[in-house]
Every structure is written in structure tokens, then in C-alpha cells.
Amino acid sequence: MLLAVDVSKRRLDLYSRYQQGRSEHECIDSFANEVPTIDAKLTYYARQALALGYQGLDIVVEPTGRHEQKLTQAAYARGHTVWMVNPEHMYKAGVIHHGDDGKSDPLDGQVLHMMARMGKVSRWVPLPMPWQKLRSLGQWLEDTTLAAADVRIRIIGLRRELFVDYQQSTDLTWGATGKALQEVFGFDPWAITQGTYQNFVQRIHSQNPRIPERGLTRIWKQALQSKCTESHPQQRALLLDQLTHLWHNWEYQEQRKSQLGAQMVGLVNELAPEHWIPPLWPGFSQVMRAKILAETGPLRGFPHWRALAAYAGVKIRMRASGTYRGKDRMTKKGRILLRKHLGQAIFTLTRKDRLLGSYYHRKLGEGMPARKAKVACMRMLVKILYGTEKSGKEFS
């Protein structure tokens, strides 16, 4: 018995059509999106399905901000089959069903039911526990990465306001030299130049003796120049306090990133032999592999590499009709985070001495724009990941 359920934060609107003898009947229901109510309704409809001669329940929902999880998890735990509808397909089918692009929860149930009967659904199956854990860690790692990037941007802004003439490379600023400057002097040009130049160098080397003096000489000169600007001591103290707070926050986020990455790598390395994992290549790190697998889940669950490409949103959308030929573009309809990780991976893999280097530069030589060539490399990487997993052989 097929139950189509439109989900909102507080309510579930159910629609079904069933056969009883030679007649077809409609069933419309609405109830609270609460676990006890859901359990009671599933029990009731399971009994009704058996009484009508059905073998069980098929439940179809549209994913809506995780509000459907109580229903899907309860239904799956009871042995019912759960199906999902693509939200974009749902919107377009709604226009076809009731002739406009309006939003109506009762009508949405009918649209869900129509799409399920047409077969435009995909079966929902929860990931096995190691993969669930890997996906959660991957999402937390992404959150932490974004939080660290946000804090870093704010640190840069405060440093420009405090150390106005500072002009050094990013590698130096966020490497050992920059860390020593922050820990010892708080990136304050007044504190840097309070003593002699030799005293400044000694204090930096006491923090890290491997820091070259050439960069310190430039920093000293820029600190002297920055002191020429007018800055009230109270304002400077305020900036230093906030900068110290943000620095400790950034250090914590970076440490958390390392912890999460190590946990993900450990999980991938501990997977059972039947979960054969794609190999590593130069420029394709253990953390990157773990991040991609966290989003794909078991690669054996995809019937073909093109299905994996569609899941990632790197499937090509054709635009041609008659004599018209438009630009083919990437659909970008799959998992955003998976597509982001694939893009980050090919950034290093397209170097001339790396896995996709020759492929990428051959596409450029054929006249393909660099951006389009990188999309082609993302699709090739998906194909390689799937192919090596399926065959158990390394790509060559």
C-alpha cells in the first residue's frame, strides 16, 4: 500500500489511493510530526494494508530539512519500504499536476503519490554504521574548516588595522614566523620595536630557533614604519585583546580539523576487506580520499559510474534542439559537498606529473576552456574512483 506523506516541521499530510474490490478509494489524513503519533499511525495503516490484501507499506516523502527523519527512521525500523523524491522534480511535477506553481500541503501529497506510481523515486536505505560515522565526521570537518576560514579572515582584518604597514607572504604570515610573532608580540608593532632589533630576533628565536633572520629584518622595518601612524593606546589594547581571542579560536579550529581528519582516515583504514577503497596517488591524500568517501558512501551501491556522477552533480546537461546547439553545462544537482571535494582534489591532480595531468593538458591543447577542462577532470576522477573500486585494480 503506497502512502505519500508531505512533511513539515509540525505536521504530516498523508495521501493514498487503494483498491477495494473493483473500486479505487482515496485516503487523506493529517497528524502531528511526533514519534508516538507516527508509531500509532504506522501501526494502523500497516493493519489496514494487510486487511486490504497488500503485503506491507511503501512510504514516499520529499526531503525537507530533516523534518522527515522521524517518519523515515520509524518506518524503516518497522520493515516498511521508504522512497525519496527529488525536490526539484517534485516542484516541476506539481506544476504539471495542478496547473500552477502554488504550494499546498494536501495537493503535494497527491503529487508525491503520482510520482511514486510513475517510478520517479529512489529507495532510501540508511548507511551502515561505519559509513554513517564517516559522513558525520566529514560534515563536522567541513563546518570546522569554514569556521576556521571565517576566523582567519577576521584576524587578517584586525592585523591590517593594528600593523598597518605589514606586507609579507601568506606562507610566512601563517607559518612558523607568523605564529611566533603572534605568540610573543601579539602582532603589535609597538611591542615588536619596544627593545632593540637584536632583542626582537632573540625573542623570536627563543620561540622557534629555525626561523630565518632575513624575514625578521623586513618585519622589523615594517613595524617601525607602522609606528608612525597615530593610534590611541586604549584602541590598540582593544584590538590586541580581540586579536588574541580570535587567534586562540583559530588554533582550536585548526586542532579540531586535524583531529577530525585523523578520525576519518582511521575509519577508512579500518573498513572491512569487502569495502575495497580506491588507492592513493601523489596529490590525493588520505584525508581527501576519506572526505570523498564520506559523501559517496559505499561505491558498490552505485550501478554505474554515471550514476555516481549524477549523485555528485557532475553530470552534463545537454542543450540542443534541431539545429540549435547551446552550451553543455554541469547539472550541479547532486551533493554539493561531494562536488566541492572533487573540485579540491583535481586542483592538485591536474598538475603535469600527477594522475590527471596529461588528460587535463590534452583537453587544453584541444582548445577546451580551463574551467570546462576541470569539469571533465572531475568526471574522469569519478570514473577512476568507481572503476578502481569495482575492478579491484589500480588505475594506470
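Residues numbered from 1 in each chain as written. Predicted model: local features only at pLDDT ≥ 70, side-chain atom pairs only at ≥ 80, totals over all residues. Heavy atoms only, no water.

What follows is about the packing of aromatic side chains. Tallied over the full model, the rule gives 14 aromatic pairs. Geometrically, the ring pair formed by Y197 and F200 is tilted, given 6.3 Å between the ring centres and 50° between the ring planes. With a gap of three residues between them, Y197 and F200 both fall in helix 9 (residues 197–207), about one helical turn apart. Each member of the pair Y197 and F200 is classed as buried. The ring of F187 has R159 lying over it, and the distance from NZ or CZ to the ring centre is 3.8 Å. Positioned above the aromatic ring of W190, the side-chain terminus of R236 is 4.3 Å from the ring centre. (Phe/Tyr/Trp six-rings, centres within 6.5 Å; stacked < 30°, edge-to-face > 60°. Helix = DSSP H or I, 4+ residues; strand = E, 2+ residues; numbered from the N terminus. Buried < 20%, exposed > 50% of the residue type's maximum accessible area, 1.4 Å probe, protein only. Lys NZ or Arg CZ within 6 Å of the ring centre and 35° of its normal.)

Judged by pairing direction, the sheet is mixed, and its six strands sit side by side in the order 3-2-1-4-5-6 without closing on themselves. Each having just a single partner strand, strand 3 (23–32) and strand 6 (122–123) make up the two edges of the open sheet. The sheet contact formed by strand 5 (residues 81–84) and strand 6 spans two bridges and is antiparallel. Bridge pairing links M84 to S122 in strand 6. Across the sheet, helix 1 (residues 35–51) lies against strand 1 (2–7), strand 2 (11–20), strand 3 and strand 4 (58–61), angled at about 165° from strand 3, the strand it touches most. (Pairing = 2+ DSSP bridges. Contact = heavy atoms within 4.5 Å. Axes fitted to C-alpha atoms, helices over the stretch in contact; angles between N-to-C directions.)

Inspection of every chain in the model, using the stated rule, returns nine salt bridges. The residue K340 makes a salt bridge to E142 at a minimum N-O spacing of 2.4 Å. One end of the pair, K340, is in helix 14 (residues 336–349); the other, E142, is in helix 5 (residues 129–162), and 198 residues separate them in sequence. According to the relative accessible area criterion, K340 is partly exposed, its value standing at 34%. Three or more residues are tied together by salt bridges with common partners; here these are R17, E24 and R117. (Salt bridge = Lys/Arg side-chain N within 4 Å of Asp/Glu carboxyl O.)

Let us now look at the nonpolar core. Core analysis: the biggest nonpolar cluster contains 42 residues, and L134, F284, I292, L342, L356 and L381 have the highest contact counts within it. When residues of this core are traced back to their parent elements, those giving at least two are helix 5, helix 11 (233–269), helix 12 (286–296), helix 13 (305–312), helix 14, helix 15 (357–365) and helix 16 (370–391). Take this core: its biggest share by element is nine residues, from helix 16. Leaving out residues up to four positions away in the same chain, L134 has contacts with M264, L267, V268, A290, L293 and A294. In this structure, V151, I155, F163 and I211 belong to the second largest nonpolar core, which totals 28 residues. (Core = buried A, V, L, I, M, F, W, Y, C linked by side-chain atoms within 4.5 Å.)

As a volume, the largest pocket reaches approximately 2,400 Å³. Looking at the largest pocket, it is lined by 49 residues, and the ones nearest its centre are M84, W124, R135, Y311 and R335. Listing elements by their share of the lining of the largest pocket, those giving two or more residues are helix 2 (69–77), helix 3 (87–98), helix 4 (105–118), strand 6, helix 5 and helix 13. (1 Å grid on protein atoms, 1.4 Å probe; cavity = no way out; pocket = protein on both sides within 12 Å on 5 of 7 lines; lining within 4 Å. Points joined across faces, edges and corners; volume = space filled by probe spheres on them.)

Here we take up the pairing of strand 2. Pairing between strand 1 and strand 2: four bridges, direction antiparallel. Across the sheet, the residue bridging to A4 is Y15, located in strand 2. In this structure, the hairpin formed by strand 1 and strand 2 is closed by a connection of three residues. Where strand 2 lies against strand 3, ten bridges are found, and the strand directions are antiparallel. Bridged to R17 within strand 3 is E26. The hairpin formed by strand 2 and strand 3 contains two residues between the paired strands, and G21 there has a positive phi angle of roughly 70°.

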